[in-house]
Amino acid sequence: MVHKAVIPAAGLGTRFLPSTKAQPKEMLPIIDTPTIQYVVQEAIDSGIDDILIISGKGKRAIEDHFDRNFELEMSLVNKEDKRLYNEVRRISDMANIHFIRQKELNGLGDAIYYARLHTGDEPFAVLLGDTIIDSVIPVTQQLIDVYEQYRQTIIGVEQVPEDKVDRYGIVGGKRMSDRILEISELIEKPSVEESPSNLAIAGRYILTPEIFKAIEKTKRGKNNEVQLTDAMRILLRRESIFSCTIEGKRYDIGNKLDYLKTIVEFALKRKEFADPFSTFLKETVNTLPN
Ligand code: UTP
């Protein structure tokens, strides 16, 4: 059973400066809900009851968001705003959430390594704190289902346009079923010619404790950081790794254009905004030059 999750959220978010100078990018709101709240909700909806957030310098707002705020609660009680009161209480009761600080920003592999004492000898899910995936079945649940079948590391992947493979970590291997590959290759940002497929790593994983030994052996790679993909390549020499094509739509909040698109799509899905916002969008589109 996978019941623990690790959410790395310590990164600098340099692609989102200046907004991320003094606030975590994982707290960037999609209208009124911080990105990381969607990520935590996906974990909970997938049966996870224990979450470790890898935090760091300047990330206090994440801890405060999932903590209780008695002053705010009292003020909502006094205003008799039951709906907002319940929402605020729900957030602080979402799950058993723990925090650990990544002391130096040495990359995603290094961030995951901080989880080793917390996860012990259990498999665990990893959900990147800056990536929302909108789906019918929560994506972490989809990967847990595949893990139950293979009992090995599972990487969530998604199809990307063939001419854009050089932006992603790409997997290649033997097809086991429609959605599942037994991985034989893991390449970070390959050229279009050398890419073994168009299946890109999508920010969701099920990892086993074996990953920690692999991280220990991983030398610093791109950006002089310990990359999780490099550690998984070391792991691949010793054991099988599978990928599962996720069913859902991925939103990478860490880059500005995708963030903008996310807000528009989520606003159109919200009952209270769908009509007025689509009217506004149509009017705006009409003012655009052809
Ligand atoms: P990114 O590489 O997208 O985050 O990592 P970043 O480094 O903050 O982004 P830029 O390139 O500077 O804009 C994906 C996730 O992994 C976390 C990030 O917080 C993000 O949620 N991360 C990354 C860590 O926790 N520690 C790290 O050392 C690196």
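You'll find the structure just up there.
Residues numbered from 1 in each chain as written. Predicted model: local features only at pLDDT ≥ 70, side-chain atom pairs only at ≥ 80, totals over all residues. Heavy atoms only, no water.

A.B. asks: Explanation requested: the site of the ligand in the structure shown.
C.D. replies: Around the ligand there are 19 residues in total, and Gly 11, Gly 13, Thr 14, Glu 26 and Gln 102 lie nearest to it. Between the ligand and Ala 10, the relevant distance is 2.8 Å, taken from an oxygen atom to a main-chain nitrogen or oxygen of the residue. Here an oxygen atom of the ligand sits 3.3 Å away from a polar atom, N or O, in the side chain of Asp 130. By residue class, the composition of the shell around the ligand is eight nonpolar, seven polar and four charged. (Near = heavy atom within 4 Å. Polar contact = N/O pair within 3.5 Å; in protein donor to acceptor, adjacent residues only side chain to side chain. Nonpolar A, V, L, I, M, F, W, Y, C, P; charged D, E, K, R; others polar.)

A.B. asks: When you look at the pattern of salt bridges in this model, what are you seeing that I'm missing?
C.D. replies: Oppositely charged side chains are able to pair whenever their charged atoms sit close together. Using the criterion set out here, one finds 19 salt bridges in the structure. Linking Glu 210 and Arg 238 is a salt bridge whose minimum nitrogen-to-oxygen distance equals 3.2 Å. Separated by 28 residues along the polypeptide, Glu 210 in helix α8 (residues 210-217) and Arg 238 in the loop between α9 (228-236) and β12 (241-245) bring together distant segments of the chain. Note that Asp 230 and Arg 233 form a salt bridge whose closest N and O atoms lie 3.2 Å from each other. Of this pair, Asp 230 and Arg 233 both sit in helix α9, three residues apart, roughly one helical turn. Through salt bridges with shared partners, one network takes in Asp 32, Arg 270 and Glu 272. (Salt bridge = Lys/Arg side-chain N within 4 Å of Asp/Glu carboxyl O. Helix = DSSP H or I, 4+ residues; strand = E, 2+ residues; numbered from the N terminus.)

A.B. asks: Please explain the pairing of strand β6 (residues 124-127) as it appears in this structure.
C.D. replies: Sheet faces and side chains relate simply in a regular strand, where the side chains alternate between the two faces. A two-sided burial pattern is seen for β6, the buried positions comprising Phe 124 and Val 126 on one face and Ala 125 and Leu 127 on the other. Here strand β1 (residues 4-8) pairs with β6 via two bridges, running parallel. Across the sheet, residue Val 6 finds its bridge partner in β6, namely Val 126. (Buried < 20%, exposed > 50% of the residue type's maximum accessible area, 1.4 Å probe, protein only. Pairing = 2+ DSSP bridges.)

A.B. asks: How do you make sense of helix α11 (residues 271-287) when you look at a structure like this?
C.D. replies: Residues spaced three or four apart along an α-helix face the same direction, because each turn holds 3.6 residues. Under the 1.5 Å per step criterion, the end-to-end length of α11 is 25 Å for 17 residues, consistent within 8% with the ideal 24 Å. At Phe 277, α11 shows its largest bend, some 30 degrees. (Expected span 1.5 Å × (residues − 1). Bend = angle between axes of the 7 residues up to and from the residue.)

A.B. asks: It is not clear to me how the pairing of β12 should be interpreted in this structure. Could you clarify?
C.D. replies: Counting buried positions along β12 yields five of five residues, so the element is predominantly enclosed. Taking every second residue as pointing to the same face, both faces of β12 are buried, with Ile 241, Ser 243 and Thr 245 on one and Phe 242 and Cys 244 on the other. Pairing of strand β8 (residues 153-159) with β12, which is carried by five bridges, proceeds in the parallel orientation. The residue bridging Val 157 from the neighbouring strand is Thr 245, located in β12.

A.B. asks: Honestly, the environment of Arg 238 in this entry has me stumped. Any pointers?
C.D. replies: Sequence separation between Arg 238 and Asp 81 is 157 residues; the distance between their C-alpha atoms is 56 Å. Beyond its immediate sequence surroundings of up to four residues, Arg 238 is in contact with Glu 210 and Lys 217. (Contact = heavy atoms within 4.5 Å.)

A.B. asks: How should the packing of α8 against α9 be read in this particular structure?
C.D. replies: Packed helices, taken two at a time, are described by their axes: the angle between them and the distance between them. Where α8 meets α9, the axes come as close as 8 Å, and the angle between the chain directions of the two elements is 110 degrees. Considered as vectors, α8 and α9 are oriented roughly perpendicular to each other. Where α8 abuts α9, its residues Glu 210, Ile 211, Ala 214, Ile 215 and Lys 217 lie against Leu 228, Ala 231, Met 232, Ile 234 and Leu 235. Within the contact of α8 with α9, the residues separate by chemical class into eight nonpolar, no polar and two charged. (Axes fitted to C-alpha atoms, helices over the stretch in contact; angles between N-to-C directions. Parallel < 35°, antiparallel > 145°, perpendicular 65-115°, else oblique.)

A.B. asks: Any chance you could explain unusual backbone geometry here in plain terms?
C.D. replies: Among all residues except glycine, the phi angle is most often negative; among peptide bonds, the trans geometry is most common. Cis geometry is found at the peptide bond from Leu 17 to Pro 18, where omega equals 5 degrees. With respect to the element layout, Pro 18 can be found in the loop between β1 and β2 (29-30). Backbone geometry places Ile 31, a non-glycine residue, at a positive phi of 65 degrees. Relative to the elements of secondary structure, Ile 31 occurs in the loop between β2 and β3 (33-34). Residue Ile 31 is classed as partly exposed on the basis of its relative accessible area, which comes to 32%. The residue Asn 223 is not glycine, and still its phi comes out positive at about 60 degrees. Its place among the elements puts Asn 223 in the loop between α8 and α9. Note on Asn 223: relative accessible area 56%, which makes it exposed.

A.B. asks: Teacher, can you tell me more about the packing of aromatic side chains here?
C.D. replies: Each aromatic ring pair is characterised by the separation of its centres together with the angle its planes make. Counted according to the given criterion, the structure contains seven aromatic pairs. Ring plane angle 25 degrees and centroid distance 6.0 Å describe the contact between Phe 277 and Phe 280, whose orientation is recorded as stacked. Residue Phe 277 and its partner Phe 280 are both found in helix α11; the two are separated by three residues, about one turn of the helix. Each member of the aromatic cluster is reached from another via a ring pair, and the members are Tyr 38, Tyr 251 and Phe 266. Positioned above the aromatic ring of Phe 266, the side-chain terminus of Lys 269 is 4.6 Å from the ring centre. (Phe/Tyr/Trp six-rings, centres within 6.5 Å; stacked < 30°, edge-to-face > 60°. Lys NZ or Arg CZ within 6 Å of the ring centre and 35° of its normal.)

A.B. asks: Would you explain the environment of Ile 112 in this entry?
C.D. replies: Residue position: Ile 112 is located in helix α5 (residues 108-113). In this structure the C-alpha to C-alpha distance between Ile 112 and Ile 7, which are 105 residues apart in sequence, comes to 8.5 Å. Setting aside residues no more than four positions away along its own chain, Ile 112 makes contact with Pro 8, Phe 124, Val 126, Leu 207, Phe 212, Ile 215 and Leu 228.

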